[in-house]
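Summary of the model geometry
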Amino acid sequence: MTATQDIKPLNRQQMAARLAQDIPEGWYVNLGLGLPTLIPDYIPAGREVVFHSENGVLGMGPVPAKDKIDTWLVNATKQNITLVPGASLFHHADSFGMIRGGHLDLCVLGAYEVAENGDIANWATNENDAIPAVGGAMDLSAGSKRLWVLMEHTTKEGAPRLVTRCSYPLTAASVVKRVYTNLAVLDVTAEGFVVLDMAPGLSFDALQARTGAKLHRIAKS
Amino acid sequence: MTATQDIKPLNRQQMAARLAQDIPEGWYVNLGLGLPTLIPDYIPAGREVVFHSENGVLGMGPVPAKDKIDTWLVNATKQNITLVPGASLFHHADSFGMIRGGHLDLCVLGAYEVAENGDIANWATNENDAIPAVGGAMDLSAGSKRLWVLMEHTTKEGAPRLVTRCSYPLTAASVVKRVYTNLAVLDVTAEGFVVLDMAPGLSFDALQARTGAKLHRIAKS
Amino acid sequence: MIDKRVANVADALAGVKDGSVVLLGGFGVVGQPQELLEGLIATGARDLTIVSNNAGFGSAALPKLFATGRVSKLLCSFPRPTPPAFEELYRAGKIKLELVPQGTIAERIRAAACGIPAFYTPTSVGTRLGEGKETREFDGRLYVMERALHADVALIQAWRADRWGNLTYRGTGRNFNPVMAMAASLTVVQTRHLVELGELEPESIHTPGIFVNRVVQIDSPDPPPA
Amino acid sequence: MIDKRVANVADALAGVKDGSVVLLGGFGVVGQPQELLEGLIATGARDLTIVSNNAGFGSAALPKLFATGRVSKLLCSFPRPTPPAFEELYRAGKIKLELVPQGTIAERIRAAACGIPAFYTPTSVGTRLGEGKETREFDGRLYVMERALHADVALIQAWRADRWGNLTYRGTGRNFNPVMAMAASLTVVQTRHLVELGELEPESIHTPGIFVNRVVQIDSPDPPPA
């Protein structure tokens, strides 16, 4: 891979910003743990997007100033949050009714792996000694109108995370619609992964070399 | 039936009052259309009983004075009501969740017939040309912790309403726990109807003669 | 800016198609959106299925809709007192009636809203209305299986609303409205009052705006005394 | 006079039996009734099943309860960070863990409260957590059947309460509390504030008193900043 030195992978902030630009005004959006929590910072000022937290919030605002914390307000990661004007609070059965009923326009999750058929694995590894935890990941994956994944294109060791079949336990089957990585943006279609966008300096072949499933070029229209 | 002239059947008010005296403080109670709506007038002053209306009310109070009507407050018969201090309002799915989930201590319904196995028929006759209507009767019958029936002992023509098997379409099977009539109070037990109380001047045999199922005397303890 | 407010009833109901399943809020006339019903008539949409607890008790608009002949089916728990317009069509076999216990209507709609395709209930077991339904025993008791009731349109009456579609209801005007508001592809709200975003207490909002598509403010009269 | 107020935590928890299934409100520590948990420990009740979204994140009391060895099973969606007390018992096979997706926990509890013995959900289909569950296809999609989750005791934290047991919650302290309050034979509430009957707005009550058995007022601290 001779061109490696010219590739400019997106950093974490750029990844979040790249995804944020594709969220239109008016969407109701749930963000998973980790990388996705950076997204709100990159929604353009004045574009109203309503953020949902599965513990019963619509209309989450930015992190509060230290002296303005209401400790009765937390998000799904149990961090203190603020509410924007127009926010509403509700209980867990209602909140997951919203999720399961397909009322969220978008859910963005991190993942270990995404398969070309839309399978997602993000809740458990194959190390059997870990105490398992799933939280709301399966509900969000199975229920949201659209599931996008935001993750590094490969593991730290360079192994692909976009694969033909997930090797880790599934969170849900055939649900991922799009993947944003530090190297590319890909739609998950009936044919498999279709490349919509690539990091500067990256060739299609170089991307393919870092991917565990066959990539398709976007059909020219 | 030579003794008929001495029998003092209860009138509608007395029937409601007789049942009311058996409702202990603290019960949550739903009252069906017709006769049962008279019951609240006979709850002794100071005894707190909470009345439920299936359109989303706990804590129904008395009928409002003409000049104090809030027309946004109605009961299940769509009559204007008041709320007592401590009342709460909720939506239909929550209200019928309460009902179906067995949270009401008591539901009192009118009926066409009650069978000795606890079947109740109160929503449809066998005249097939009527436009059918069921409302919440089946939910209340199937869901309440206790179902008591308040009705005349016989039809206007003298036919028994307490029977071995209902001839009218069932509202629910094996659910009635007690029946209050103008002639008697009867428990519905595994053996059938057990007479708890009779109208003044009425003999067991005279009551049996007006009943379409075998009556049992209450076991002396 | 998210702004679900529309200028008038016609805009609120734009695009309602023939063959729609329409959830109609209200218990009797209380909480029933009269002006939206009039607007539904004005759309001329035909072959409608109306889901409503009653057949028009206390309402002028619902019987008027029946009289247009554009309703092919009513799903209802208590169609009494029966408006003559409905009764005539029913006798003539021109309108179908699906009679469903009141709590089962509410739960079927809630199930649709919450992504539950089917559930079991004790209501109607062993009765005519349970006939032909799949039954199953759990812990020694029989239940019938009921399916989710999805809809194309919900017509809702709120008391207060903001531009995001957050709603509160007044008194027993709540009834089916919050449940129905969650279960339709297009949820249309008539509200007595429009308030500024942030004026409704987050802890006291009855219907979060996520469920609402359009809001029209109407100075509708209070329900009549009853 | 209906009066569900009790004088102290011991009275609030009187009669809790060995083998009880206990629903524990809260999401992390927010809305988790710390003093009732301490009181549960003080009852000495053994062989408990605890239903809680977390295993003790941010809480001192829940890990302390695990450390007594009186919990035989935790039903939970996210037992991380894992308190050492839980982890030790789990590794030693002395405590069972039933891992259930968060929304499925909420819906199973709500089903129990609402007389629904079972329902179908898309959550966990095709995953390890769906293995062994009955599946069924509706309209071309697969679902698993889930059963109602009934309980003996619910431990609830409210913000305001009256003597009838009507409750409101503060902020995201609501979470599982209103759902759990509906589903137990004995629902015990610790509230920050007791108010006069009639002080809570009927339209803004989050949990109607019908679900509540006992209320104890406690000047518990706010959750810590996080």
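Okay, so let's go over this structure. Note that the coordinates shown come from a computational prediction; the quantities given were computed from them, not determined experimentally. (Residues numbered from 1 in each chain as written. Chains lettered and ligands numbered in written order. Predicted model: local features only at pLDDT ≥ 70, side-chain atom pairs only at ≥ 80, totals over all residues. Heavy atoms only, no water.)

**Some points on the overall build of chain A**
Looking only at helices and strands, chain A has four helices and 13 strands in total. For chain A, the spread of C-alpha atoms along the three principal axes comes to 55 × 40 × 35 Å. The buried share among the 221 residues of chain A stands at 58%. Considering only residue pairs separated by 6 or more positions, chain A has 62% of its internal contacts joining residues 24 or more positions apart. Of the roughly 9000 Å² of accessible surface on chain A, 51% is carried by carbon and sulfur atoms. Averaging the locations of the 19 positively and 22 negatively charged side chains of chain A gives two centres separated by 4 Å. (Helix = DSSP H or I, 4+ residues; strand = E, 2+ residues; numbered from the N terminus. Buried < 20%, exposed > 50% of the residue type's maximum accessible area, 1.4 Å probe, protein only. Contact = heavy atoms within 4.5 Å. Areas by Shrake-Rupley, 256 points an atom, 1.4 Å probe, with all protein chains shown as cover. Lys, Arg positive; Asp, Glu negative; His and termini not counted. Charge placed at Lys NZ, Arg CZ, Asp CG, Glu CD.)

**Thoughts on the nonpolar core**
Nonpolar side chains in soluble globular proteins generally cluster together in the buried interior. Of all hydrophobic cores here, the largest spans 148 residues; its most connected members are Val179(A) and Val179(B). If near-sequence neighbours (up to four positions away) are discounted, Val179(B) is found in contact with Val114(B), Val149(B), Met151(B), Leu162(B), Ala184(B), Val185(B), Leu186(B), Val188(B) and Phe193(B). (Core = buried A, V, L, I, M, F, W, Y, C linked by side-chain atoms within 4.5 Å.)

**Digging into the interface of chain D and chain A**
Taken together, the contact between chain D and chain A spans 52 residues of the former and 41 residues of the latter. Of the roughly 3800 Å² buried at the junction of chain D and chain A (both faces included), carbon and sulfur atoms supply 63%. Among the residues of chain D in contact with chain A, Phe27(D), Arg128(D) and Thr172(D) are the three that bury the most area, contributing 16% of the side total. Scanning the region where chain D abuts chain A turns up two salt bridges. Residues Glu107(D) and Arg100(A) are paired through a salt bridge, measuring 3.9 Å at the closest nitrogen-oxygen approach. Connecting chain D to chain A are 19 residue pairs in polar contact (both at pLDDT 80 or more). Only α4 (84-91), β4 (96-99), α5 (102-113), β8 (151-161) and α6 (177-181) of chain D provide two or more residues apiece to the side of chain D that touches chain A. Examining the composition of the side of chain D that touches chain A, we find that six residues originate from one element, α5(D), more than from any other. Residue classes in the side of chain D that touches chain A are distributed as 22 nonpolar, 19 polar and 11 charged. (Buried area = accessible area lost by both parts, 1.4 Å probe. Salt bridge = Lys/Arg side-chain N within 4 Å of Asp/Glu carboxyl O. Polar contact = N/O pair within 3.5 Å; in protein donor to acceptor, adjacent residues only side chain to side chain. Nonpolar A, V, L, I, M, F, W, Y, C, P; charged D, E, K, R; others polar.)

**Structural notes on the interface of chain C and chain B**
Reports often express the size of an interface as the amount of accessible area lost when the parts come together. Between chain C and chain B, the contact holds 52 residues from the first and 41 residues from the second. Both faces combined, the contact of chain C with chain B buries some 3800 Å², and carbon together with sulfur accounts for 63% of it. Contact with chain B buries surface across chain C, with Phe27(C), Arg128(C) and Thr172(C) losing the most and accounting together for 17% of the total. Our count for the contact surface shared by chain C and chain B stands at two salt bridges. Of the charged contacts, one joins Arg170(C) and Asp70(B) as a salt bridge, the two residues approaching to 3.2 Å between their closest N and O atoms. The interface formed by chain C and chain B contains 18 residue pairs in polar contact (both at pLDDT 80 or more).

**So, the sheet that holds strand β9 (residues 162-163) of chain B**
Residue and element names in this part refer to chain B. One open sheet holds the three strands; their spatial order is β7-β6-β9, and the pairing between them is mixed. Edge positions in the open sheet fall to β7 (120-121) and β9, since each of these has one partner strand only. Both strand β6 (residues 113-115) and β7 contribute to a ladder of two bridges, which runs antiparallel. Across the sheet, the residue bridging to Glu-113 is Ala-121, located in β7. (Pairing = 2+ DSSP bridges.)

**Concerning the packing of helix α2 (residues 92-100) of chain A against α5(D)**
Each packed pair of helices is defined by two parameters, the angle between the axes and the distance between the axes. Running from N to C, α2(A) and α5(D) point in directions that differ by 120°, and their axes come no closer than 9 Å. With respect to α5(D), the axis of α2(A) lies oblique. Both α2(A) and α5(D) take part in a crossing whose hand is left-handed. For the pair formed by α2(A) and α5(D), the contact residues are His92(A), Ala93(A), Phe96(A) and Arg100(A) on the first element and Gln102(D), Gly103(D), Thr104(D), Ala106(D), Glu107(D) and Arg110(D) on the second. A breakdown of the residues in the contact of α2(A) with α5(D) according to their chemical character gives three nonpolar, four polar and three charged. (Axes fitted to C-alpha atoms, helices over the stretch in contact; angles between N-to-C directions. Parallel < 35°, antiparallel > 145°, perpendicular 65-115°, else oblique. Left-handed = near helix turned anticlockwise from the far one by under 90°.)

**Let's talk about the environment of Ile2(C)**
Mapped onto the fold, Ile2(C) is located in the segment before α1 (9-12). The spacing of Ile2(C) and Arg163(C) is 161 residues in sequence and 7.0 Å in space, taken between C-alpha atoms. Not counting chain neighbours up to four residues away, the residues in contact with Ile2(C) comprise Glu25(A), Gly26(A), Glu48(A), Val50(A), Arg163(C) and Trp164(C).

**Looking at the environment of Asn175(C)**
Tracing the backbone shows Asn175(C) in the loop between β9 (167-168) and α6 (177-181). In sequence terms Asn175(C) and Val215(C) are 40 residues apart; their C-alpha atoms lie 19 Å from each other. Those residues within four positions of Asn175(C) in sequence are excluded, and the remaining contacts are Asn55(B), His91(B), His92(B), Gly25(C), Gly26(C), Phe27(C), Val30(C) and Gly31(C). A polar atom in the side chain of Asn175(C) sits 3.1 Å from the backbone nitrogen of Gly26(C). Looking at Asn175(C), its side chain comes within polar contact range of the main-chain oxygen of Val30(C), at 3.0 Å.

**Quick notes on the side chain of Asn177(D)**
Residue and element names in this part refer to chain D. As for its placement among the helices and strands, Asn-177 is situated in helix α6. Only 2.9 Å separates the side chain of Asn-177 from the backbone oxygen of Gly-173, close enough to count as a polar contact. Asn-177 has contacts with Gly-25, Gly-26, Gly-31, Leu-155, Ile-156, Gln-157 and Tyr-169, leaving out every residue within four places of it along the chain.

**Brief notes about the packing of aromatic side chains**
One pass over the structure, following the stated rule, counts 17 aromatic pairs over all chains. Plain terms: the ring middles of Trp72(A) and Trp159(D) are 5.4 Å apart, the flat faces sit at 70° to each other, and that makes the pair edge-to-face. Here Trp72(A), found in the loop between β3 (57-61) and β4 (82-89), pairs with Trp159(D), found in strand β8, and the two come from separate chains. A ring pair is formed by Phe86(D) and Tyr90(D), whose centres lie 5.9 Å apart and whose planes are at 15°; its orientation type is stacked. One end of the pair is Phe86(D) and the other is Tyr90(D), both in helix α4 and four residues apart, which spans about a single turn. In this structure Tyr90(D) comes out as partly exposed when scored by relative accessible area, which is 25%. A connected cluster of aromatic rings, assembled from ring pairs, spans Tyr120(C), Phe138(C), Tyr143(C), Tyr120(D), Phe138(D) and Tyr143(D). A cation over a ring is seen here: Lys78(A) above Phe27(D), with NZ or CZ 4.3 Å from the ring centre. A cation over an aromatic ring shows up here: Lys78(A) above the ring of Phe57(D), its NZ or CZ 5.7 Å from the ring centre. (Phe/Tyr/Trp six-rings, centres within 6.5 Å; stacked < 30°, edge-to-face > 60°. Lys NZ or Arg CZ within 6 Å of the ring centre and 35° of its normal.)

**Describing the pairing of strand β1 (residues 28-31) of chain B**
All names here are of chain B. What you see with β1 is no split at all: Tyr-28 and Asn-30 on one side and Val-29 and Leu-31 on the other are buried throughout. Alignment of β1 against strand β2 (residues 50-53), held across three bridges, turns out to be parallel. By the bridge assignment, Asn-30 is partnered in β2 with His-52.

**Describing the side chain of Ser220(C)**
Residues and elements named next belong to chain C. Position of Ser-220 among the secondary structure elements: in the segment after β11 (214-217). By relative accessible area, which is 5% here, Ser-220 ends up buried. Here Gln-157 takes part through its side chain, which lies 3.4 Å from a polar atom of the side chain of Ser-220. When residues no more than four places from it in sequence are discounted, the contact partners of Ser-220 are Glu-35, Gln-157, Gln-190 and Arg-192.

**Overview of helix α5 (residues 102-113) of chain C**
Residue and element names in this part refer to chain C. End to end, α5 covers 17 Å across 12 residues, agreeing with the expected 16 Å (1.5 Å per residue, within 8%). For α5, the buried fraction is high: 12 of the 12 residues fall into the buried class. Considered for burial, the residues of α5 that qualify are Gln-102, Gly-103, Thr-104, Ile-105, Ala-106, Glu-107, Arg-108, Ile-109, Arg-110, Ala-111, Ala-112 and Ala-113. (Expected span 1.5 Å × (residues − 1).)

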